[in-house]
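Letter by letter, the chains look like this.
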Amino acid sequence: MTVSPAFKMAIRPFGDSALLVDIDAGSTDASSDIVMALNAQLSRQRARGITHTTPSYNSLLVCFEPEQVQHSALQSEIHAIADTINVKDIPKGNQWSLPACFEEPYALDRVALATELSQDWQSIVDCFCATEYRVHAVGFLPGFTYLGNLPDALHCDRLRDPRATVPTSSIAIAGTQAGIYPFDSPGGWRIIGRLPFTVFQTQADPPALFQANDRIRFEAVTPKVFEALEQRPIASVIKQATRR
Amino acid sequence: MKLQFVTSGLRTTTQDLGRPGYTHMGVPIGGALDRRAMRYANHLVGNPLAAPVLEVTLSGPHLHCLEAGRVALVGVGFNLLLNGEPQPPLLPISVNPGDELIIKSSGNGCRAYLSVSGEWLAERWLGSASALRIGSHELVPGAVWTRGDVLETRDVSVKPWPSMQLVPQPPSNIIRVSPGPEYLWLDDHGRSQLLSKRIRVIDPSNRVGLRTDTQIQLREDKRRIEMVSSGVQPGTVQLTHGGQAIILMRDGQTIGGYPRVLQCASQSLDQLAHLKVGDELILSLIDS
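Definitions and cut-offs
- Residues numbered from 1 in each chain as written.
- Chains lettered and ligands numbered in written order.
- Predicted model: local features only at pLDDT ≥ 70, side-chain atom pairs only at ≥ 80, totals over all residues.
- Contact = placed C-beta atoms within 7 Å.
- Nonpolar A, V, L, I, M, F, W, Y, C, P; charged D, E, K, R; others polar.
- Helix = DSSP H or I, 4+ residues; strand = E, 2+ residues; numbered from the N terminus.
- Buried ≥ 20, exposed ≤ 12 C-beta atoms within 10 Å, placed from the backbone.
- Core = buried A, V, L, I, M, F, W, Y, C linked by C-beta atoms within 7 Å.
- Domains from an automatic or database assignment.

This part is about the interface of chain B and chain A. Taken together, the contacts link 28 residues of chain B with 37 residues of chain A. Classifying every residue of the side of chain B that touches chain A by side-chain character gives 10 nonpolar, 17 polar and 1 charged.

Structure below.
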């Protein structure tokens, strides 16, 4: 049985060669579902002139070749596709269970966060690992993974002064989100742990391990296990990060 | 043709039309910042217009010719010297083994493009030979040129030049823009500070983005809103919480959380390639 979900859609020109589609389906998860379904349908139907699309949370950026298609024609086409969307069009993501270490020296913000959230560190880690996260977007940097569903008890402020360098594969939280840093880069999110492998490799196909709509759970391991996993060839560690 | 780098210049990279189709995993499209200049340089030596070229930044390389071929330089504020002699601009130059080529800045240029005749034997990633630096990581190491490197192309029969007229764009610092998704978050005062007014490019500015010396406030009721991250493009003008307008360039982020107040016209994107720290530009709203 298929049901056409209810949602509001607004399409606006964004410069001379893009349209921005905003979706409101009531909740972030529901809106994200529609964005994914619409994106999948657009790529399946290979609408003429579209060069690429960028989904993120409740919006879809559709870029096109203005010599091949006009704003208005593409806008009508997107409306027509949206009218036919039903829940079976929502792509199923992969489910992952990832080993991660939430102890020193990987949990850079452990002390400050425990104070700020008025909880001992073990309860914070237990709470973080008890939740299944949804990948809402991959972007900003190649492979930066935005995770939603962070428990209320873990909501926290960004650092006032961002770190000059957040280590590669750090797991971070900020506001109502969690995220994974694919490269060492400056960053203001709070660092709670690290993965023993990299989530973006130029030679892998696809280079980004995770994609929007995947579900991720973290499994806490000791620094000793973490170090052992780090030494293993990436392929075998990623196998450990089971795809169900 | 074969060219060896005696010196590399400040940052000389391979660039083509980039890698569209991977923004959903955070990979920017990238490619030559001035695409018209890139195409024109290729046109001059008889290469396919989308072939890779060398993109020169601020100071150019010194090249030693090992195998004959043709090169052409397109860019504002740079001269091509062949064995010390300045060459006429916008013409293909024949180069022979033993010749020395220098791309010399006249002091006011930011970027120039050198085409090299023949089929490039270049490393490609996701379909593109373009260099991409993320923080301190080079994702396509072979596309970044350093002293001693040898650039090699395979000679191919030259097709007749296409009849299409490709004219390099005259330099201009007037950048045409249209309203971005959050344009209405600016009030009249904010608009008057951002539009039709000289603003200056400040450090750090690079292939990721151009920062400007602006301090612009959003409308009172929009100042405290935390936006949900949403798609951005090359040419998107974002306003940071501190009120600084940042123009995203071709290696910029794919999604962002700052208000997108303006979007540069595609035709103006190429002009941004030639703006360096200290230069001024004017954002001019397209009449609609």
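The next subject is unusual backbone geometry. Of note, the bond from Glu104 of chain A into Pro105 of chain A is cis; its omega dihedral lies within 30 degrees of zero at 0°. Counting through the fold element by element, Pro105 of chain A comes out in the loop between β5 (95-100) and α3 (110-116). Positive phi is not limited to glycine here, since Leu90 of chain B has a value of about 60°. Within the secondary structure layout, Leu90 of chain B lies in the loop between β7 (85-86) and β8 (93-95). C-beta crowding within 10 Å serves as the criterion here: with 14 such atoms nearby, Leu90 of chain B is assigned to the partly exposed category. Here the phi dihedral of Ser196 of chain B falls at roughly 55°; this positive angle occurs in a residue that is not glycine. Here Ser196 of chain B shows up in the loop between α2 (188-194) and β16 (198-202). What makes Ser196 of chain B exposed here is the crowd of 11 C-beta atoms within 10 Å.

Let's shift gears to the nonpolar core. In terms of nonpolar packing, the biggest core is built from 134 residues, with Val62 of chain A together with Ala41, Leu73, Tyr113, Leu114 and Leu272 of chain B touching the most fellow members. Discounting residues that sit within four places of it in the chain, Leu73 of chain B has contacts with Ala41, Phe78, Leu80, Ile103, Ala112 and Leu114 of chain B.

It is worth spelling out the domain arrangement of chain A at this point. Residue and element names in this part refer to chain A. Looking at the assigned domains, one finds that chain A contains domain 1 (8-89) and domain 2 (95-243). The distance between the C-alpha centroids of domain 1 and domain 2 comes to 30 Å. Sorting the residues of the side of domain 1 that touches domain 2 by element identifies α1 (28-45) and β3 (50-56) as the ones contributing at least two each. In terms of residues, the side of domain 1 that touches domain 2 owes the most to one element, α1, which gives 4 residues. Here the residues of the side of domain 1 that touches domain 2 sort into 3 nonpolar, 4 polar and 1 charged.

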